[in-house]
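A structural walkthrough
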Amino acid sequence: MGAQVTSTKVWSELRVSSTPQLYISVSPNLTVLAMIADALAGRRRGLPELWRRAISSRVGPLGHEAVRPLAAPGHSVAPDILVPHTPIGQDVSMQAQISALHDTPPDHLIRDLEQAFGPGPLPAHWRAAAERPARWLLGYAGALADVWNTTEPLWKRGRPLLDREIERVGVATVRGGPELLLGALSERLVYGEHGLLVPDLEPGTFELGDRKIVLVPMLAGKDALILSMDSPEAVWIAYPVRGADSLWRKPVAPAVDELSALVGPVRADLLCALDQPMTMSMLATDMKIAPSGLTYHCDRLRAGRLITRERRGREVWIARTHRADELLELFRR
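Please read all numbers here as calculations on a predicted model, not as lab measurements. (Residues numbered from 1 in each chain as written. Predicted model: local features only at pLDDT ≥ 70, side-chain atom pairs only at ≥ 80, totals over all residues. Heavy atoms only, no water.)

**Describing the confidence of the model for the protein chain**
In this model, the protein chain carries a mean pLDDT of 85, and residues with pLDDT of at least 70 account for 91%. Looking at the elements of the protein chain, mean pLDDT is at its lowest for helix H10 (residues 256–263), recorded as 67, and at its highest for helix H3 (residues 61–66), recorded as 94. (pLDDT = per-residue confidence, 0-100. Helix = DSSP H or I, 4+ residues; strand = E, 2+ residues; numbered from the N terminus.)

Structure below.
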């Protein structure tokens, strides 16, 4: 998977010998990946600074650690596990993608890395993930959940733009003008004499053959571009949907000051941190609070039916209840 396309004079080429078949996928997972790369990995692609700061502040230390390989300079290739492929014709929710990551055996990450980079030593920036794959999977799933929790309101506001893009792609396909459409998806794509040219730090030449092209409109920075050209089934192209800049209002967040007045500042921060289930040790690290103090606050929140506790082996997992989600939603309005 060529995850993040970069601004460079070196090009990859997708050779197209006949009129391509176009499909469209309206799933948010590539929008989330583009925002992760922009806000957390420092590959700036036009995401407004306000959103970049909001996303970065809401991802925990383990999530920041997991996305660090995406920041490696001079590299664009990444394992497919970053974005499990959506079946063509199906739109898969972020919750399903995150659940799939939680269920992924660690050795699958190792195989994915070997497939992406071939035999021999892995690139230095992916070695830590290969050494502790379970930790990386947990951290990356957490980062996805944190970013989606921040950006889901944007996705809902952008639905009319996405619906309009579906119609635009459909018209281009029916009228037989997919080549013109592909060349106009992004200023960083060029439809040349033999096919599509893509700026890439690690260039290659790919034949479309009889594969389909799946277009994935994103609500991301204006220069964001994500491609996968080596799947045997289809070529995937994710690009910023037209008009997305109209959506960049202030990120929605709980009114923490008001919530703090109700449950106390530490418990308010704790509830906001629990966008996904966490162990007590993870929560203590994320909150920078002593285990004894954390236990006290969790006891109070559990008494108020705002969290649940579940023992799994040696770990105690903490999760927000539906009652707590409703409370946070109330303070987001």
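**Overview of helix H7 (residues 133–157)**
Residues spaced three or four apart along an α-helix face the same direction, because each turn holds 3.6 residues. Given a rise of 1.5 Å per residue, 25 residues ought to cover 36 Å, and the 36 Å separating the end C-alpha atoms of H7 matches this to within 8%. Of all the bends found along H7, the most pronounced is centred on Thr151 and spans about 50°, while Pro153, a proline, follows it within four residues. (Expected span 1.5 Å × (residues − 1). Bend = angle between axes of the 7 residues up to and from the residue.)

**Comments concerning the environment of Arg53**
Summarising the element assignment, Arg53 is placed in helix H2 (residues 49–57). A relative accessible area of 48% places Arg53 in the partly exposed class. C-alpha of Arg53 to C-alpha of Gln115: the two residues are 62 residues apart in sequence and 34 Å apart in space. (Buried < 20%, exposed > 50% of the residue type's maximum accessible area, 1.4 Å probe, protein only.)

**Some thoughts on the packing of helix H11 (residues 265–273) against helix H12 (residues 280–287)**
Contact geometry for H11 and H12: axes closest at 11 Å, N-to-C directions at 120°. Comparing the axis directions of H11 and H12 gives the class oblique. Considering the relative orientation of H11 and H12, their crossing is right-handed. Packed against H11, whose contacting residues are Val266, Asp269, Leu270 and Ala273, the element H12 presents Leu283, Asp286 and Met287 at the interface. (Axes fitted to C-alpha atoms, helices over the stretch in contact; angles between N-to-C directions. Parallel < 35°, antiparallel > 145°, perpendicular 65-115°, else oblique. Left-handed = near helix turned anticlockwise from the far one by under 90°. Contact = heavy atoms within 4.5 Å.)

**Focus on the packing of helix H1 (residues 29–39) against H2**
At a closest axis distance of 9 Å, the pairing of H1 and H2 adopts a crossing angle of 95°. Relative to H2, the element H1 is oriented roughly perpendicular. Of H2, the residues touching H1 (which contributes Met35, Asp38 and Ala39) are Arg52, Ile55 and Ser56. Class assignment for the residues of the contact of H1 with H2 results in three nonpolar, one polar and two charged. (Nonpolar A, V, L, I, M, F, W, Y, C, P; charged D, E, K, R; others polar.)

**A short note on the sheet that holds strand S7 (residues 226–228)**
Within the open sheet, the four strands sit side by side as S2-S6-S8-S7. Their pairing is mixed. Both outer strands of the open sheet, strand S2 (22–24) and S7, are each paired with one neighbouring strand and no more. Recorded for the sheet is a direction-independent mean angle of 20° between the axes of neighbouring strands. Pairing of S2 with strand S6 (residues 212–218), which is carried by three bridges, proceeds in the parallel orientation. Bridging across to S6, Tyr23 finds its partner in Val214. (Pairing = 2+ DSSP bridges.)

**Observations regarding the sheet that holds strand S9 (residues 278–279)**
The three strands are arranged S9-S11-S10 in an open sheet whose pairing can be described as antiparallel. Two strands lie at the open edges of the sheet, namely S9 and strand S10 (307–312), each paired on one side alone. Of the strand pairs in this sheet, S9 and strand S11 (residues 315–320) are connected by two bridges, and their pairing is antiparallel. Residue pairing for S11: Met278 is matched across the bridge by Ile318.

**Considerations on the pairing of S10**
Across six bridges, S10 lies against S11 in antiparallel orientation. Following the sheet pairing, Arg309 is matched in S11 by Ile318. If you look at the hairpin formed by S10 and S11, you'll find two residues sitting between the two strands, and Gly313 has a positive phi there, around 65°.

**Points about the nonpolar core**
Counting residues in each nonpolar core, the largest one holds 55 residues, and the members touching the most others are Ile36, Trp136 and Tyr140. Setting aside its immediate chain neighbours within four residues, Ile36 contacts Ala41, Val67, Leu70, Tyr140, Ala143, Leu144 and Val147. Within the second largest apolar cluster, 24 residues are counted, among which are Met287, Leu294, Cys298 and Ile318. (Core = buried A, V, L, I, M, F, W, Y, C linked by side-chain atoms within 4.5 Å.)

**Comments concerning the pattern of salt bridges**
Pairing between side chains of opposite charge can happen when their charged atoms approach one another. Across all of its chains, the model carries 14 salt bridges by this definition. Note that Glu310 and Arg312 form a salt bridge whose closest N and O atoms lie 3.6 Å from each other. Residues joined by salt bridges that share partners form a network here, namely Asp38, Arg44, Glu49 and Arg52. (Salt bridge = Lys/Arg side-chain N within 4 Å of Asp/Glu carboxyl O.)

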